[in-house]
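Overview (structure and organization)
Each chain, written out:
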There are 2 protein chains.
Amino acid sequence: MWISELAATVGLPVPTVKFYLREGLLPTGTPTGVTRADYDEHHVRRLRLIRALTEVAVLRLDGVRAVLDAMDDESLPWHEAIGSAHRRLGAVSGAPSPAASERVEGLVRDRGWTVHEGSVQRAALAHALDALDSLDHPASDELLHTYADAAEAIAAKEVAGVHGEDRVSATEHVVVSTLLLEPVLLNLRRMAQENASAKSVDRRHREPAS
Amino acid sequence: MWISELAATVGLPVPTVKFYLREGLLPTGTPTGVTRADYDEHHVRRLRLIRALTEVAVLRLDGVRAVLDAMDDESLPWHEAIGSAHRRLGAVSGAPSPAASERVEGLVRDRGWTVHEGSVQRAALAHALDALDSLDHPASDELLHTYADAAEAIAAKEVAGVHGEDRVSATEHVVVSTLLLEPVLLNLRRMAQENASAKSVDRRHREPAS
């Protein structure tokens, strides 16, 4: 298909598609003339992914590039694509406090989780705990375990079905399920908060003003 | 305290603090001379929040501004601060598909949730479902309910304790618990995924190769 059809299929303006081509995020098509090229289903798929990463995961261009580079890096085990993208972005700067790192350590131990020592997530979690402490809103152990319970229940459902696919599909599956299901989870959490908050106000209004 | 002490207390370079002052994100201190001003605990607190929103919630400057403006807008009910910040940012562009909107509608109905009709979260969730569909990774009803179960359990713990505070604290509480606890939840989810994935590989390796 021509670039105009590619753009229409994905629902993006042609100049945007050309921009992604110039930036090297989208591979060039097969040349069929001096100024024309032919695009196929792989381009449609890649372009849909770029669009979703930009609009739904709200990544900046360097973030999209880091994710795509990690996906295309065949030397990388697929389950490390996300961690690698994070490291490429240098998302975590500086070291978290020893206290926060120790807390993360303890949580992983308590849960009996197998999580790589140098995992980006450990540091990112410790950084977040430091920030909450600095704002006098420390996350209690009880809250962390509530989150960990929820995370375990979610992960058990999510991981089933990933194995056994080829590397490209498995990597894309990890990227999509991490970056695009995150907004699903976060929006549901905010809706559940609104609901819990509304129900709580409602309950207090029904109580007799004794 | 002088600006140098303010910067040292929060752990930021003085030029960064001056930048936030110029940008109007941090209110100016009380003038004590032509080039000097006095800063207090309120500045420390606001600066810590700016730092956390930038580094932990990874918001861009316009995102930080939208959140702070919503917090400072006294006409706004505190629980709407986040939704308002999202609207100011114009995070959601275009309308989601009718099918996705209908699915969100059905989910809210099935759960018996009280969620505002025009809620930003409803549209954002529908957008995310559209993106997943377009990439052939649709979120199943089962997965959505797993997330909703987790979101409910989390929200019940989170909302307890918010009411009864003054508006400023309540608003800050909502901002902090939404934007800074999100990275906590997401990093725990990724760690739980790594664990579930590792355990699953481990289990298959232990199975006899019959």
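The sections below set out a description of the structure shown in this document. (Residues numbered from 1 in each chain as written. Chains lettered and ligands numbered in written order. Predicted model: local features only at pLDDT ≥ 70, side-chain atom pairs only at ≥ 80, totals over all residues.)

Quick notes on the overall build of chain A
Secondary structure summary: chain A contains nine helices and two strands in total. Beginning at the N terminus, the succession of helices and strands in chain A can be written as α-α-β-β-α-α-α-α-α-α-α. Within chain A, residue pairs in contact and separated by at least 24 positions form 57% of the contacts whose partners lie at least 6 positions apart. (Helix = DSSP H or I, 4+ residues; strand = E, 2+ residues; numbered from the N terminus. Contact = placed C-beta atoms within 7 Å.)

Considerations on unusual backbone geometry
For Asp136 of chain A, which is not glycine, the phi dihedral falls at a positive 60 degrees. Tracing the sequence through the fold places Asp136 of chain A in the loop between helix 7 (120-134) and helix 8 (141-159).

Points about the relation of the copies chain A and chain B
Structural alignment of chain A on chain B gives an RMSD of 0.0 Å, achieved by rotating through 180 degrees and translating 0.0 Å along the axis. The superposition operator between the copies reduces to a two-fold rotation axis. Relative to the rotation axis, the closest C-alpha in chain A is found at Ala150 of chain A, a distance of 2.4 Å. In this assembly, 100% of the residues forming the interface of chain A have copies in chain B that are likewise at the interface, indicating an isologous arrangement. (Least-squares fit on C-alpha atoms with pLDDT ≥ 70 in both.)

What to know about the interface of chain A and chain B
Contacts between the two partners involve 66 residues from chain A, matched on the other side by 66 residues from chain B. When residues of the side of chain A that touches chain B are traced back to their parent elements, those giving at least two are helix 3 (41-55), helix 7, helix 8 and helix 9 (167-206) of chain A. Ranked by residue count, the leading element in the side of chain A that touches chain B is helix 9 of chain A, at 25 residues. Across the side of chain A that touches chain B, the residue classes break down as 37 nonpolar, 19 polar and 10 charged. (Nonpolar A, V, L, I, M, F, W, Y, C, P; charged D, E, K, R; others polar.)

A few points about helix 7 of chain A
Every α-helix winds through 3.6 residues per turn, so residues three or four apart in the chain are directed the same way. All names here are of chain A. In this model helix 7 runs 21 Å from its N-terminal to its C-terminal C-alpha over 15 residues, within 8% of the 21 Å that 1.5 Å per residue would give. Within helix 7, 14 of the 15 residues are buried, leaving the element largely enclosed by the surrounding structure. Just past helix 7, the residue Asp136 takes up positive phi, approximately 60 degrees. (Expected span 1.5 Å × (residues − 1). Buried ≥ 20, exposed ≤ 12 C-beta atoms within 10 Å, placed from the backbone.)

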